[in-house]
Amino acid sequence: MESDTTITKDTAPSGGAEVGQDFENLEVAKNCYHADGEKQEVLPSGATGVDDNDIKINVPDNKTCEACQCQHSQKVTLKKNITTLHGVCLIVGTIIGSGIFISPNKVSKTVNSPAMSICVWIAGGALSTVGAITFVELGLMFPQNGGVMIYLRKAFGGCLSFLSCWLIHVLLGGLRRAIGFLIFGKYFWAVFYDPPDAPPDWANTLLCIFTAWCIIGIITVFPDLTLKVIDVVTFFKLFSLGLVIMLGVVHLCQGHTENIAVGFRNTSWEPQLWGEGWNSVLWAYSGWNSISIMLGEVKDPSLLPKIIAISMSIVTTLYVMAIISYHTVLPMPVMRSNQPLASILAKEKMGGSGEVIFAVSVAVSTFGNAVTALLASSRFLQAGGATNILPSCFSLISKRFRSPIFSLLYLRLGTFSPLSTRHLLQALSL
C-alpha cells in the first residue's frame, strides 16, 4: 500500500514530479488536501510544473505543503458549525430568559405609568442594539472566540483582559449560573405542585445539579446537537412570547382599553427611582454579546452584521409588544406588584391551564439560558487558556468530540459548588 505522502500515477503532474516522489520534495501543489479533509486551492505566483490536472495528495499530520506553506500538525480546533440560523437562535435564546415573563413589574414600579414603561423598554432595546453593533465591528476585526476578553487584550493589554475573564466567568460565573438553575427548579416544580406543597430545598438542588451535569455532558459529547437544542428551545420561547402578545391583542379587540389608556398619567420623574428599572430592562436584554464569544466557530464571520440585525430586531419587537400586552390586560396596581406577570395574565385569560403553561414557559426559558450560558462560558474559558490569560490547560480540546474538555470539567465542578450551598438558597429567597 502506498504512503499518503507519495504521488501516484493519477496525481502526478506532467511538468515536474514523478510517480513515487515523496511529498516533502514536491515543489508545487495546486490543491492542498488538509488533514481535516478540507481542500484549499493554491496556485502561487511564479509556480511551475503544474498542468491542468489537480494534484490530489492526502497530506498527513506534521507535514508542510510546499505550495501554501501551511503546517499540517496534530493541533485540534473547535468545529466551525454555527450557521446564520444557529447564530440568531443563540443570541435570541440567550437574551429571552425569565426576565420578560416575571420581572417587568420592576420597571412599572419605578416609572408608574404604562406609556413611560413602554418607552423605557424601547430605549433599552435601542441601547442594546447600539452595543451589539459595536461588537459587530470588533468581531469582524478579530473573528475568534473570546469576545470582550480578546477586545480588551487588543486595546489595553493583558491586565484588563485578565480581570474581565476572572471576574465575569471564573469568580461570578458559577454564581450566576447557579441562580439561573435555581429559578429553573422553582418553576419546574411549580408545574406539578402548588406553592405550599413545593418539594424541599434538597430536592430542588439535586434537580438543578442533575440538569446542569446533563447539559454539560451534551455540550461535551454532542456539540452539534447542542446547537439544535438551542434552536428548538428558542422557537419555544418565541411561541411563549407570541402567546402573551396574542392574549393582549384578544383583550384589546374585546374593547378593553381602560388600562393602556392611562398613558403618561401619574408618571414618576424622580431619577433616583429609575435606576432599578433601567437595571431590570438592561438585564432582560443582556446576552446580545454571546455570539462574539463563539465567533471563531461561525462558518462565515462576515455574516455577523446580518445575525445581529435579525436577532436584535426580533427581541426588541417581541419585548415591546409583550409589554404593551401586559399593560393592556393588567391594571397598574397589578403591574407594580411582585407577582409573576405572565402567570397572572395567563390565569386571567386562560384559567388554571394558562398558569401551568407559563410555568412551563419560564422553566424552558431558564433551561435554554442555562444551555447557552454553559456553552458560551466553555468557549470563553477555552479562549482564555489559548491566549495565556488562564492556565493553558483550559485550552485543551478533545480530539474525539472537538469540545473544550477541561473548561467543561471546570464548569461541572464550578456549577456544583454554589448549588450545593444551602445558604445561597436562603439568601436568594428562592
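What you see is a predicted model, and the numbers here were worked out from it, not measured in a lab. (Residues numbered from 1 in each chain as written. Predicted model: local features only at pLDDT ≥ 70, side-chain atom pairs only at ≥ 80, totals over all residues. Heavy atoms only, no water.)

Draft legend 1. Representation of the packing of helix H9 (residues 223-253) against helix H14 (residues 341-350) within the structure. Look at H9 against H14: their axes get within 11 Å of each other, and the N-to-C directions meet at 50°. The orientation of H9 relative to H14 falls into the category oblique. Handedness of the H9/H14 crossing: left-handed. Taking contact as the criterion, the partners of Leu243, Leu247 and His251 in H9 are, on H14, Leu345, Ala346, Lys349 and Met350. (Axes fitted to C-alpha atoms, helices over the stretch in contact; angles between N-to-C directions. Helix = DSSP H or I, 4+ residues; strand = E, 2+ residues; numbered from the N terminus. Parallel < 35°, antiparallel > 145°, perpendicular 65-115°, else oblique. Left-handed = near helix turned anticlockwise from the far one by under 90°. Contact = heavy atoms within 4.5 Å.)

Draft legend 2. Examining unusual backbone geometry more closely. In this structure, Asn112 is a non-glycine residue whose phi angle is positive, near 70°. For Asn112, a relative accessible area of 23% puts it in the partly exposed group. Unlike most non-glycine residues, Asn388 shows phi in positive territory, near 65°. Here Asn388 is to be found in the loop between helix H15 (352-386) and helix H16 (405-419). (Buried < 20%, exposed > 50% of the residue type's maximum accessible area, 1.4 Å probe, protein only.)

Draft legend 3. Up close: the pattern of salt bridges. Under the counting rule described, the total for this entry stands at two salt bridges. When the shortest N-O distance is used, the salt bridge between Lys79 and Asp224 registers 3.4 Å. Pair noted here: Lys79 is in the loop between strand E4 (71-72) and helix H1 (84-95) and Asp224 is in helix H9, with a separation of 145 residues, a long-range link. Judged by its relative accessible area of 31%, Lys79 is partly exposed. Close ionic contact of Glu297 with Arg379 constitutes a salt bridge, the shortest N to O distance being 2.9 Å. Of this pair, Glu297 sits in the loop between helix H11 (290-293) and helix H12 (304-329) while Arg379 sits in helix H15, and the two are 82 residues apart along the sequence. With a relative accessible area of 2%, Glu297 lands in the buried category. What makes Arg379 buried here is its relative accessible area of 2%. (Salt bridge = Lys/Arg side-chain N within 4 Å of Asp/Glu carboxyl O.)

Draft legend 4. The nonpolar core, seen in detail. With 89 residues, the main nonpolar core has Ile100, Phe101, Trp121, Tyr319 and Tyr326 as its most contacted residues. Element by element, the count of residues in this core is highest for H12, at twelve residues. Excluding residues that lie within four positions of it along the chain, Tyr319 makes contacts with Ile95, Ile96, Gly97, Ile100, Trp121, Leu241, Ala284 and Tyr285. (Core = buried A, V, L, I, M, F, W, Y, C linked by side-chain atoms within 4.5 Å.)

Draft legend 5. The arrangement of the layout of surface pockets in detail. When its volume is computed, the largest pocket comes out at roughly 1,600 Å³. What lines the largest pocket is a set of 50 residues, and nearest its centre among them are Arg176, Ile179, Gly180, Trp283 and Ser286. Residue assignment for the lining of the largest pocket shows that the elements contributing at least two residues are H1, helix H2 (99-102), helix H3 (104-111), helix H6 (158-171), helix H7 (173-190), helix H10 (274-285), H11 and H15. For the lining of the largest pocket, the per-class residue count stands at 21 nonpolar, 23 polar and six charged. (1 Å grid on protein atoms, 1.4 Å probe; cavity = no way out; pocket = protein on both sides within 12 Å on 5 of 7 lines; lining within 4 Å. Points joined across faces, edges and corners; volume = space filled by probe spheres on them. Nonpolar A, V, L, I, M, F, W, Y, C, P; charged D, E, K, R; others polar.)

Draft legend 6. Summary view of the environment of Ala212. Looking at where Ala212 falls in the secondary structure, it is placed in helix H8 (residues 201-221). Linking Ala212 and Phe367, residues 155 residues apart in sequence, is a C-alpha distance of 9.2 Å.

Draft legend 7. How the structure looks around the confidence of the model for the protein chain. Per-residue confidence for the protein chain averages 76 on the pLDDT scale, and 77% of its residues sit at or above 70. The element-level mean pLDDT for the protein chain is lowest in strand E2 (residues 39-41), coming to 42, with H12 highest at 93. Within the model, pLDDT remains below 50 along residues 1-69, and this stretch shows 109 contacts once partners closer than five positions in the same chain are excluded. (pLDDT = per-residue confidence, 0-100.)

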